[in-house]
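What the coordinates show
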Amino acid sequence: MSGRRQVWAAAVTVGTATVAHLWLQAGVMLGWTGFTTSYFRNYYWSDQLAYLGIAANVAHGAGADVEPYTTTGSIYYPRAHYVVLGALARLTDTHPATMWLVCGLLVQALLVVAIGVTTVLLTRRWWTGLVAFVPFVLGTGSWLRDRGWSRQLDSHAVLWGPGGVMYTLNGETVALSIGGVALLALLLVAAGRIRGRAAWVVALLACLAAGATANVQTYGFLTTVYVLVAATAAVGLVRHRSWIALAATGGLLVLLFVVGPVVADGVSPLAALALGLLPAVPGVLLVLRETRWWGIACVAALGLGAAPQVLATALGLLGRDDFLVYRESSSKNLGVPPSAGLWAALAVLPVLALVIALGVRHRRVLWVAVPSALLVTWALLASNDHWGANQEPYRLWLDTYVLTAVLVVPLGTWAWTESLLVSRTADERTPADPVERVGVHRGLRTTEGRVVAGLVAVCVVVAGLWSLDFRTFRSDTAAGGYLAITSPGYLAAAELADLTDGGIVLTDACIDPVIFKPVWGGPVAYYNPGLAWPGDKEAIDAALAARAAPQDFDQELAMRGGVRWLLVNEGCELDLTADARAEFIERRTFSDDGRVEQTLALWALQKG
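Residues numbered from 1 in each chain as written. Predicted model: local features only at pLDDT ≥ 70, side-chain atom pairs only at ≥ 80, totals over all residues. Heavy atoms only, no water.

A closer look at helix H16 (residues 349-362)
Given a rise of 1.5 Å per residue, 14 residues ought to cover 20 Å, and the 20 Å separating the end C-alpha atoms of H16 matches this to within 8%. Within the span of H16, buried status applies to Leu 349, Val 351, Leu 352, Leu 354, Val 355, Ile 356, Leu 358, Gly 359 and His 362. Those residues of H16 that are buried lie in contact with helix H15 (338-344), helix H17 (365-382), helix H18 (393-421) and helix H19 (447-466). Of the residues trailing H16, Arg 363 is marked for its positive phi of about 55 degrees. (Helix = DSSP H or I, 4+ residues; strand = E, 2+ residues; numbered from the N terminus. Expected span 1.5 Å × (residues − 1). Buried < 20%, exposed > 50% of the residue type's maximum accessible area, 1.4 Å probe, protein only. Contact = heavy atoms within 4.5 Å.)

Quick look at the pattern of salt bridges
Going through the model one piece at a time under the given rule, you end up with 13 salt bridges. The closest approach of N and O atoms between Glu 392 and Arg 395, which form a salt bridge, is 3.7 Å. This pair shows no difference in class: Glu 392 is buried, exactly as Arg 395 is. What emerges from the salt-bridge pattern is a single network uniting Glu 172, Glu 392 and Arg 395. (Salt bridge = Lys/Arg side-chain N within 4 Å of Asp/Glu carboxyl O.)

Considering the nonpolar core
The biggest cluster of nonpolar side chains holds 162 residues, and the ones touching the most others in it are Trp 397, Ile 485 and Phe 516. Considering every element that reaches this core, the biggest residue donor is H18, with 17 residues. Formed by 23 residues, the second largest nonpolar core is a distinct cluster that contains Leu 506, Ile 540, Val 568 and Leu 576. (Core = buried A, V, L, I, M, F, W, Y, C linked by side-chain atoms within 4.5 Å.)

Concerning the side chain of Gln 217
With respect to the helices and strands, the residue Gln 217 is situated in the loop between helix H8 (196-212) and helix H9 (218-240). Within polar-contact distance, the side chain of Gln 217 engages the backbone nitrogen of Tyr 219 at 3.0 Å. The contact partners of Gln 217, leaving out residues within four places of it in the chain, are Tyr 77, Pro 78, Gly 171, Glu 172, Ala 175, Arg 395 and Asp 399. (Polar contact = N/O pair within 3.5 Å; in protein donor to acceptor, adjacent residues only side chain to side chain.)

Describing the side chain of Asn 569
Following the sequence through the fold, Asn 569 ends up in strand S6 (residues 563-569). Apart from the residues lying within four places of it in its own chain, the contact partners of Asn 569 are Asp 508, Cys 510, Ile 511, Gln 598, Thr 599 and Leu 600.

With respect to the state of the cysteines
Enumeration over the complete set of coordinates arrives at 1 disulfide. Bridging Cys 510 to Cys 572, the disulfide has an S-S length of 2.1 Å. Given an S-S torsion of about 80 degrees, the disulfide between Cys 510 and Cys 572 has right-handed geometry. Of this pair, Cys 510 sits in the loop between strand S5 (504-507) and helix H22 (513-520) while Cys 572 sits in the loop between S6 and strand S7 (582-590); the two residues are 62 residues apart in sequence, bridging distant segments of the chain. Among the residues examined, Cys 510 registers a relative accessible area of 40% and is labelled partly exposed. Looking at Cys 572, the relative accessible area reads 10%, which means it is buried. Of all cysteine sulfurs in the structure, the one in Cys 207 sits closest to Cys 298, which takes part in no disulfide; the separation is 4.3 Å. Judged by relative accessible area, which is 13%, Cys 298 ranks as buried. (Disulfide = S-S within 2.5 Å.)

Quick notes on the pairing of strand S8 (residues 598-605)
Most of S8 sits out of view: 6 of its 8 residues are buried. Where S6 and S8 come together, 5 bridges link them in antiparallel fashion. Looking at the pairing, Trp 565 lines up with Ala 604 of S8. Sheet topology note: the S7/S8 ladder contains 8 bridges and is antiparallel. Residue pairing across strands places Glu 586 opposite Leu 602, the latter belonging to S8. (Pairing = 2+ DSSP bridges.)

Quick notes on the packing of H9 against H17
Two numbers describe how H9 lies on H17: the axes approach to 8 Å, and their chain directions differ by 135 degrees. One finds that H9 runs oblique with respect to H17. The two elements H9 and H17 meet at a crossing, and its hand is right-handed. Across the interface between the two elements, Thr 223, Tyr 226, Val 227, Ala 230, Ala 231, Ala 234, Val 235, Val 238 and Arg 239 of H9 pack against Val 365, Leu 366, Val 368, Ala 369, Ala 373, Leu 374, Thr 377, Leu 380 and Leu 381 of H17. Here the residues of the contact of H9 with H17 sort into 15 nonpolar, 2 polar and 1 charged. (Axes fitted to C-alpha atoms, helices over the stretch in contact; angles between N-to-C directions. Parallel < 35°, antiparallel > 145°, perpendicular 65-115°, else oblique. Left-handed = near helix turned anticlockwise from the far one by under 90°. Nonpolar A, V, L, I, M, F, W, Y, C, P; charged D, E, K, R; others polar.)

With respect to helix H23 (residues 537-548)
Between the first and last C-alpha of H23 there are 18 Å, a value that for 12 residues agrees with the 16 Å anticipated at 1.5 Å per step. Listed in full, the buried residues belonging to H23 are Ala 539, Ile 540, Ala 542, Ala 543, Leu 544, Ala 546 and Arg 547. The inward-facing, buried residues of H23 abut S5, H22, helix H24 (555-560) and S6.

Description of the sheet that holds S7
Paired through their backbone hydrogen bonds, the strands of a sheet run either parallel or antiparallel. Taken in spatial order, the 4 strands make up an open sheet running S5-S6-S8-S7, and their pairing is mixed. In this open sheet, the two strands that pair with only one neighbour each are S5 and S7. Across the sheet, the axes of successive neighbouring strands diverge by a mean angle of 25 degrees, strand direction being ignored. Contacts from helix H21 (residues 488-497) reach S6, S7 and S8 within the one sheet, and its direction differs from that of S7 by about 145 degrees. Here H23 sits on the sheet and contacts S5 and S6; the angle it forms with S5, its principal contact strand, is near 30 degrees.

Details of the packing of aromatic side chains
Ring pairs (aromatic) are described by centroid distance and by the angle formed between their planes. The final tally for this structure, using the stated rule, is 26 aromatic pairs. With a centroid separation of 5.3 Å and an interplanar angle of 70 degrees, the aromatic rings of Phe 35 and Tyr 482 are classed as edge-to-face. Residue Phe 35 is located in the loop between helix H1 (3-26) and strand S1 (40-41), and its partner Tyr 482 is located in strand S4 (residues 482-483); the two are separated by 447 residues in the primary sequence. An angle of 80 degrees between the planes, with centres 6.1 Å apart, marks the rings of Tyr 43 and Phe 473 as edge-to-face. In this pair, Tyr 43 sits in the loop between S1 and helix H2 (45-59) while Phe 473 sits in helix H20 (residues 469-480), placing the two residues 430 residues apart along the sequence. Considered together, Tyr 43 and Phe 473 belong to a single accessibility category, that of buried residues. One aromatic cluster in this structure is built from Tyr 43, Tyr 44, Trp 149, Trp 160, Tyr 167, Phe 470 and Phe 473. (Phe/Tyr/Trp six-rings, centres within 6.5 Å; stacked < 30°, edge-to-face > 60°.)

Treat this as a map of the structure, not an account of what it does.
Listed below in structure tokens is the structure:
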């Protein structure tokens, strides 16, 4: 096949894999009667709608540096993605929920394309692009142990496959997608598929993008950086075979578990997370020395990308911001038991082990270094409750699984195809991984080829068996359907709220503020305690308490926090206006799907 035909064939296979991913991740929506892009998928939606509230504020011309519901106080949560969604919604005159769906799927499609292109370039075989969708259908074997698609741990901690992580389309998935693309680009540079001046340009841009994920989502950023730094260190250790550096790395790992808790108690848990990168220093220094210290430019690019969010958070911690102090210490009982973590990772552990073995057999630096780094990073982040950080270890387990899958699929395909089809004779010890160093084609005619083929078959069978829970995941998400957030009722509520002229709107128990906020976009009496706190938390707490106990409404305290309006459903059993000093403003009636008409009313609170 000519070069041009191979390019076109590769484009077709990568495109096919991308379509397969979009169908697997979003195809269920095609079966939902009445679904529109301004509706929201019924999948752990409470937190997601809180993030959507940031986009709604931007779409309505408000700032993004405040607590999103009340638009008071401040926020330290990474929010670049939601700001972009809000700006696009405002520019295109569409609902932020539409931008959430469209942009989330587009970013994931970009990652799938990157996986496919990387696989084709590494293997030099056009048909390997078909595997690009595979990372997102890998499972955890939960159907074998728990008869479902996830494993419930202590508190609200869970383990599930990459598909469960990516289905939300939130900032975490975007950060992981951008981080995954950056890591794949760096893999191509390290493998010698991108060379010369272009290699440095790509490396700098990839590191800048990896750093920029700090402004999108914290855990996605941390996972990306840990994988990047660990892989770099592993390349240095494997290539230079320095026993001194390896011993120093092991010593620093042991020291981390001793010193980490002290740093967490004396400084902060986030400082302990930064300390977790220390064991990688010996290997990273070897790589920097090898590049004549030009690699420091990549470190600087990563730091530059992360600087806005890192500096803002650091200043907030130095100022002892109440929310950040609470957030650092709120991660409890969210660890990952080793047995559960190992079981859930068995879809990829045999693949990682085989690639390492092939790397040792054929003296391939990347085949040994990258899988080894992934294993160490995965174990380290999932056990961060044991070395002081204690920042939602299960979430970092999930995110590491995503990036491990993203890297191991092209890496494993590369190692398998070359080990099965080509005999290599050169000892590879250079930064590049030249494809020209090829021996004779031998297929499965040798004993080694047959053994490798058997081991590959075992890996594929185990991965497939462990991933059968994806079927349950997809059927459950299909059955879950969607939330019609822009339903007639919430649109009528937004129309009434548009009559206000400043101040926060308090809704009664029959109007969910979590849904009402992104539909309307104005200031609403509510907040997500894990996202940001309002300027006067006590006052908003008093207002929210009144939704469940109207007779105890502390109106004076609520008004001190900026609450000026009551928005109620007149058919609600709990009458928020009964004991309030308020003036009636206007009513709106609505009917959802032909049901009985309901009436909403807006009231203005009056000072005593």
